[in-house]
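Spelled out from the first residue to the last, the chains are:
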Amino acid sequence: MVGSTQIPGYYSVLGFDREPFATSPDPDFFYHTREHDRALTNLLIELRLRRGLSVIFGDVGTGKTTLSRKLLHELNKRGDMIFHMILNPSFSSEAQFLSSLVRNFNIDWPEDVDIKNSDIMELRDTIEKFLIQKTLEENRTIILIVDEAQKLDLSTLETLRVLLNFETNAHKLIQLVLLGQLELYSKVVHMSNFMDRISFKFTLNPLDVQETSELIDFRIAKAGYKGHKKIFLGEAVSEIYNYTKGYPRKINMLCHKILKELVIQNQEIADRALVQEIIAKEQQWLSATNDKQLETLET
Ligand SMILES: Nc1ncnc2c1ncn2[C@@H]1O[C@H](COP(=O)(O)OP(=O)(O)OP(=O)(O)O)[C@@H](O)[C@H]1O
Ligand SMILES: [Mg+2]
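Definitions and cut-offs
Residues numbered from 1 in each chain as written. Chains lettered and ligands numbered in written order. Predicted model: local features only at pLDDT ≥ 70, side-chain atom pairs only at ≥ 80, totals over all residues. Helix = DSSP H or I, 4+ residues; strand = E, 2+ residues; numbered from the N terminus. Expected span 1.5 Å × (residues − 1). Buried ≥ 20, exposed ≤ 12 C-beta atoms within 10 Å, placed from the backbone. Contact = placed C-beta atoms within 7 Å. Near = placed C-beta within 6 Å. Nonpolar A, V, L, I, M, F, W, Y, C, P; charged D, E, K, R; others polar. Domains from an automatic or database assignment. Pairing = 2+ DSSP bridges. Right-handed = clockwise from strand over helix to strand, strands pointing away. Axes fitted to C-alpha atoms, helices over the stretch in contact; angles between N-to-C directions. Parallel < 35°, antiparallel > 145°, perpendicular 65-115°, else oblique. Left-handed = near helix turned anticlockwise from the far one by under 90°. Core = buried A, V, L, I, M, F, W, Y, C linked by C-beta atoms within 7 Å.

Brief notes about helix 3 (residues 64–76)
The first and last C-alpha atoms of helix 3 sit 18 Å apart over 13 residues, in line with the 18 Å expected at 1.5 Å per residue. Within helix 3, the full set of buried residues consists of Lys64, Thr66, Leu67, Ser68, Arg69, Lys70 and Leu71. Those residues of helix 3 that are buried lie in contact with helix 2 (34–49), strand 1 (53–58), strand 2 (81–86), strand 3 (141–146), strand 4 (174–180) and strand 5 (198–204).

And the structure:
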């Protein structure tokens, strides 16, 4: 009967408690690579010192969202931080953006006033009062984290810059952490008044071969591997690195495929040949897809 067979996760067949190469940005699976660690430590210092604006740039799949989840995890441990994370920053107007901040930071707003129709000055004033009260009277740090910040339009970037003008002699009243793909850089590089305000900027680079190997080992251990054999031989890791160029998402995807193939082939160890086989299949698929696209273009 369809659906009656329990298919155990491939991870349990191989001796794991959990899936080692899931693609979610789980802070539990965060490996402190040199790059990620530097970024995280610096962000925490900037936030503690309330220096205002930090920006993390990084190519697709370098670990920006994972880093932001880890940052939230760290902030959660502290009682003096109030934070909100925007995952998909597309706003139709400044008023919509500001009113989303009022809602998400639970800022007091008169019940009888419709937030949708309120004007920008009123929203800005309300936010400023909130920031002053929380920072100066309650000694809390207010943090806004924006993931996918390359999607911010110029007018929202300008609004963020205006928010950074709320400050005392000693520090900024709102702390902004932007994480975005490299297009973000091309957007802000010409906004000199925005660039000037960046207190910490950092570009996340892919891992080197050593860290690729460490990341794989770390995730295997985190997933509760109980086997005694090393699943990925050194030669397999070299192949993984050559193909993925150290991009964490690509490493994860490929390792997932390798483990699945081990289960299918009823094997326990991944060697160079197996990794090459999977990469070859992947490349075949990619070129078939490209050909199809070309065909479509020709018709
Ligand atoms: N430091 C790390 N430790 C462990 N796994 C990581 C690390 N960094 C990234 N990964 C893994 O790599 C994958 C991609 O990471 P993530 O989604 O954070 O990338 P991204 O830079 O946000 O990508 P995009 O530009 O597409 O938004 C995720 O599956 C994540 O678990
Ligand atoms: Mg991301």
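Focus: the environment of Asp17
Here Asp17 lies in the loop between helix 1 (10–13) and helix 2. Assessed through the 13 C-beta atoms surrounding it within 10 Å, Asp17 is described here as partly exposed.

Concerning the site of ligand 1
The local shell around ligand 1 holds 20 residues, among which Gly63, Lys64, Thr65, Thr66 and Pro248 are the closest. The residue inventory of the shell around ligand 1, partitioned by class, reads seven nonpolar, eleven polar and two charged. Built from parts of two domains, the shell around ligand 1 gets at least three residues from each of domain 1 (10–20 + 207–293) and domain 2 (34–204).

Quick look at the pairing of strand 3
Taken across its six residues, strand 3 has five buried, putting it largely inside the fold. Relative to strand 3, strand 2 runs parallel, the two being bridged by six bridges. Bridging from a neighbouring strand, His84 pairs with Leu144 of strand 3. Crossover handedness for the path strand 3 to helix 6 (residues 154–164) to strand 4: right-handed.

Things to note about the packing of helix 2 against helix 3
Two elements in contact, helix 2 and helix 3, have axes whose closest approach is 11 Å; the angle formed by their N-to-C orientations is 40°. Judged by the angle between their axes, helix 2 and helix 3 are oblique. Considering the relative orientation of helix 2 and helix 3, their crossing is right-handed. In this structure, helix 2 uses His36, Ala39, Leu40, Leu43 and Leu44 to contact helix 3, whose residues at the interface are Leu67, Lys70, Leu71 and Glu74. Considered class by class, the residues forming the contact of helix 2 with helix 3 number six nonpolar, one polar and two charged.

Considering the sheet that holds strand 5
Spatially, the five strands line up as an open sheet ordered 2-3-4-1-5, and their pairing is parallel. A single partner strand is all that each edge strand has here, and the edge strands are strand 2 and strand 5. Each strand axis lies, on average, 15° off the axis of its neighbour in the sheet, ignoring direction. Contacts from helix 2 reach strand 1, strand 3, strand 4 and strand 5, with the element oriented near 165° to strand 5. Helix-sheet contacts for helix 3 involve strand 1, strand 2, strand 3, strand 4 and strand 5, and the interaxial angle to strand 2 is about 155°.

So, the domain arrangement of the protein
Per the domain assignment, the segments making up the protein are domain 1 (10–20 + 207–293) and domain 2 (34–204). Contact residues are listed per partner, giving five residues for domain 1 and four residues for domain 2. Per-element tally for the side of domain 1 that touches domain 2: the top contributor is helix 11 (residues 248–264), with three residues. Taken together, the residues that form the side of domain 1 that touches domain 2 break down as two nonpolar, no polar and three charged.

Considerations on the nonpolar core
Among the nonpolar cores identified, the biggest contains 36 residues, and Ile56, Ile174, Leu176, Val177 and Leu178 are the most heavily contacted of them. In terms of residue count, the dominant contributor to this core is strand 4 (five residues). Those residues within four positions of Val177 in sequence are excluded, and the remaining contacts are Leu43, Ser54, Ile143 and Ile145. Listed in part, the 25 residues of the second largest apolar core include Phe16, Ala223, Ala270 and Ile278.

Thoughts on unusual backbone geometry
At Glu148, a position not held by glycine, the phi torsion is positive, near 55°. Here Glu148 is to be found in the loop between strand 3 and helix 6. A tally of 19 C-beta atoms within 10 Å means that Glu148 is categorised as partly exposed. Although it is not a glycine, Lys245 sits at a positive phi angle of roughly 55°. Looking at where Lys245 falls in the secondary structure, it is placed in the loop between helix 10 (234–244) and helix 11.

Observations regarding the packing of helix 10 against helix 11
Relative orientation of the contacting elements helix 10 and helix 11 amounts to 130°, with a least axis distance of 9 Å. It follows that helix 10 is oblique to helix 11 by the angle criterion. Handedness of the helix 10/helix 11 crossing: right-handed. For the pair helix 10 and helix 11, contact is made by Ile240, Tyr243 and Thr244 and by Lys250, Ile251, Leu254 and Cys255, respectively.

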